[in-house]
Amino acid sequence: ADAYSNLGIILKDLGKLKEAELSYKKAIKINPDYAEAHSNLGIILKDLGKLKELILLSKSTIDAKSLKEGYKLRALLNIAIASLLTKNFSETLFHIKKSKELIRKGALKTIEDAQNRKNTLVFYTFISSLYPILEKDNKNTGSKKIPHIGESHCLSFAHQSLSIVSQVKTIQPVLITGGKSWHFANNKNNKWKDSLTQQMKNHNYSSQVLISFGEIDCRKDEGILSYAIKNNKDISEVCEHTIKGYLDYMERVLSLNYSKRYYFGIAAPTRKKEVLDELDIKRIELIKIYNSLLKKEVLSRSSYFVDIYALTSKKDGENNTMHMCDNFHLSPRCLSTLFENHLCKPENLIQ
């Protein structure tokens, strides 16, 4: 079981998600109470878009008497996310409430890995903030869907109605957990690229696509800022290199299925404390630079740019907090305003 689980980790890192899935399943078959294999298989199923299997696996994790409460909490959140992705709002709410109960009982403390513990809390907080403000009564039941590919930011507009090119579309989120622009700019194959490739197969019902990546690249403690400081690199040069590599890959892959591609920018950073430190100030400038370069590059490739920064920023570059559901994610209520007032078309490019 250990060998198959370790092999699954290697295959996942190599961007071979289907093979990793089989390896984790073999580990669990040998040892049905193998907690880490259960958890890792859940991640793989989510990355592959196998949401029905993810729900079944997560329910078996919750029912297992031998597993710690932390694993059960993560399983509950997996069901909440899978239910949201599949537009099962009642199940989403039910499992948000069950997650809240476990958190109150101290389940977070039983998650040994600090990063997993932080990610679990962040995702729970986001889903809990998002769910109440989603429009759940979609009156355009016969409307066609448009996929929204991205990391957690693609959930902000899950199943919301969008008027685009004189047609009303329903937004279908396609979650690629933890995806950075840099992951797609990287020349090597990886799990994020494979997740995109595998999930696109189930979302070929539209000639249009929405794309949301880059926010994780622009955080204070990871991505472009920490890389530039550590390696004494110019932030603008790192942004430009990352964005060009990201768009080279995305345009090559997505243009095969989608003739119109709408790239979302990055929201202005939200102030979390009264006095900003040096990194906060650098991050404000980074996000301004990133959005400017991303907009220019997207439009130059005859694609569309959704200028989230213009919607969310004050004159000083900080977030105006008018359009957010938490410190990072947009509120679904700003969707129509965003596309009516901040959609940049290729023909708008100033030479």
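Keep in mind the model is a prediction, meaning the values are calculated, not measured.

Trainee: What exactly am I supposed to notice about the pattern of salt bridges here?
Mentor: Applying the stated criterion across every chain yields a total of 19 salt bridges. A salt bridge links Lys25 to Glu53; the shortest N-O distance between them is 3.1 Å. Highlighted residues: Lys25 in helix α2 (residues 17–30) and Glu53 in helix α4 (residues 51–63), separated in sequence by 28 residues. Residue Lys25 is classed as partly exposed on the basis of its relative accessible area, which comes to 33%. Residue classification places Glu53 among the partly exposed positions, given a relative accessible area of 32%. Lys282 is the partner of Glu278 in a salt bridge, and the nearest nitrogen-oxygen pair spans 3.4 Å.

Trainee: Can you help me understand the packing of aromatic side chains in this one?
Mentor: Describing an aromatic ring pair means giving the distance of the ring centres and the angle of the ring planes. A complete count under the given rule lists 11 aromatic pairs for this structure. Here the aromatic rings of Phe89 and Tyr131 are separated by 6.5 Å at their centres, their planes lie at 65°, and the arrangement is edge-to-face. Of the two residues, Phe89 is situated in helix α6 (residues 89–104) and Tyr131 in the loop between α7 (114–130) and β1 (144–150); the sequence distance between them amounts to 42 residues. For the pair formed by Phe89 and Tyr131, the shared burial category is buried. Each member of the aromatic cluster is reached from another via a ring pair, and the members are Phe157, Tyr262, Phe264, Tyr304 and Phe339. Lying over the aromatic face of Tyr131, Lys136 brings its terminal NZ or CZ to 4.4 Å of the ring centre. For the cation-ring pair, Lys145 lies above Tyr205, with the distance from its terminal atom to the ring centre recorded as 4.9 Å.

Trainee: Honestly, the packing of helix α3 (residues 35–48) against helix α5 (residues 69–85) in this entry has me stumped. Any pointers?
Mentor: The axes of two packed helices give the description: the angle between them and the distance between them. At a minimum axis distance of 11 Å, the contact between α3 and α5 shows a crossing angle of 15°. Overall, the two elements α3 and α5 adopt an arrangement that is roughly parallel. Taken as a pair, α3 and α5 cross one another with a handedness that is left-handed. Residues Ala35, Glu36, Ser39, Gly42, Ile43 and Lys46 of α3 form the contact with α5, whose own contacting residues are Tyr71, Arg74, Asn78 and Ile81.

Trainee: What am I meant to see in helix α11 (residues 235–254) here?
Mentor: Every α-helix carries 3.6 residues per turn, so stepping three or four residues along brings you back to the same face. Look at α11: 28 Å from first C-alpha to last across 20 residues, which is about the 28 Å you get at 1.5 Å a residue. The opening residue of α11 is Asp234, an N-cap whose side-chain oxygen sits 3.1 Å from the backbone nitrogen of Ser236.

Trainee: For this particular structure, what's the right way to read the sheet that holds strand β5 (residues 260–264)?
Mentor: Sheet strands pair via backbone hydrogen bonds, and the direction of the pair is either parallel or antiparallel. Taken together, the 7 strands give an open sheet; going across it, the order is β2-β3-β1-β4-β5-β6-β7, and neighbouring strands pair in mixed fashion. The open sheet has two edge strands with one neighbour each: β2 (161–164) and β7 (343–344). In this structure, β1 lies alongside strand β3 (residues 167–175), joined through 7 bridges in parallel fashion. Paired with Pro147 across the strands is Gln172, a residue of β3. On the sheet, α11 packs against β1, β4 (208–212) and β5 and is oriented at approximately 150° with respect to β5.

Trainee: What exactly am I supposed to notice about the environment of Lys188 here?
Mentor: Take Lys188: it is sitting in the loop between α8 (181–185) and α9 (191–200). Residue classification places Lys188 among the exposed residues on the basis of a relative accessible area of 63%. For Lys188 and Leu14, which are 174 residues apart along the polypeptide, the C-alpha to C-alpha distance reads 8.6 Å.

Trainee: What is the right way to read the packing of α6 against α7 from this model?
Mentor: Closest axis-to-axis distance for the α6/α7 pair is 11 Å, and the angle between their directions is 135°. Judged by the angle between their axes, α6 and α7 are oblique. Between α6 and α7 lies a crossing of left-handed hand. Taking contact as the criterion, the partners of Ile96, Ser99, Lys100 and Ile103 in α6 are, on α7, Tyr124, Ile127 and Ser128. For the contact of α6 with α7, the class distribution of residues is 4 nonpolar, 2 polar and 1 charged.

Cut-offs and rules
Residues numbered from 1 in each chain as written. Predicted model: local features only at pLDDT ≥ 70, side-chain atom pairs only at ≥ 80, totals over all residues. Heavy atoms only, no water. Salt bridge = Lys/Arg side-chain N within 4 Å of Asp/Glu carboxyl O. Helix = DSSP H or I, 4+ residues; strand = E, 2+ residues; numbered from the N terminus. Buried < 20%, exposed > 50% of the residue type's maximum accessible area, 1.4 Å probe, protein only. Phe/Tyr/Trp six-rings, centres within 6.5 Å; stacked < 30°, edge-to-face > 60°. Lys NZ or Arg CZ within 6 Å of the ring centre and 35° of its normal. Axes fitted to C-alpha atoms, helices over the stretch in contact; angles between N-to-C directions. Parallel < 35°, antiparallel > 145°, perpendicular 65-115°, else oblique. Left-handed = near helix turned anticlockwise from the far one by under 90°. Contact = heavy atoms within 4.5 Å. Expected span 1.5 Å × (residues − 1). Polar contact = N/O pair within 3.5 Å; in protein donor to acceptor, adjacent residues only side chain to side chain. Pairing = 2+ DSSP bridges. Nonpolar A, V, L, I, M, F, W, Y, C, P; charged D, E, K, R; others polar.

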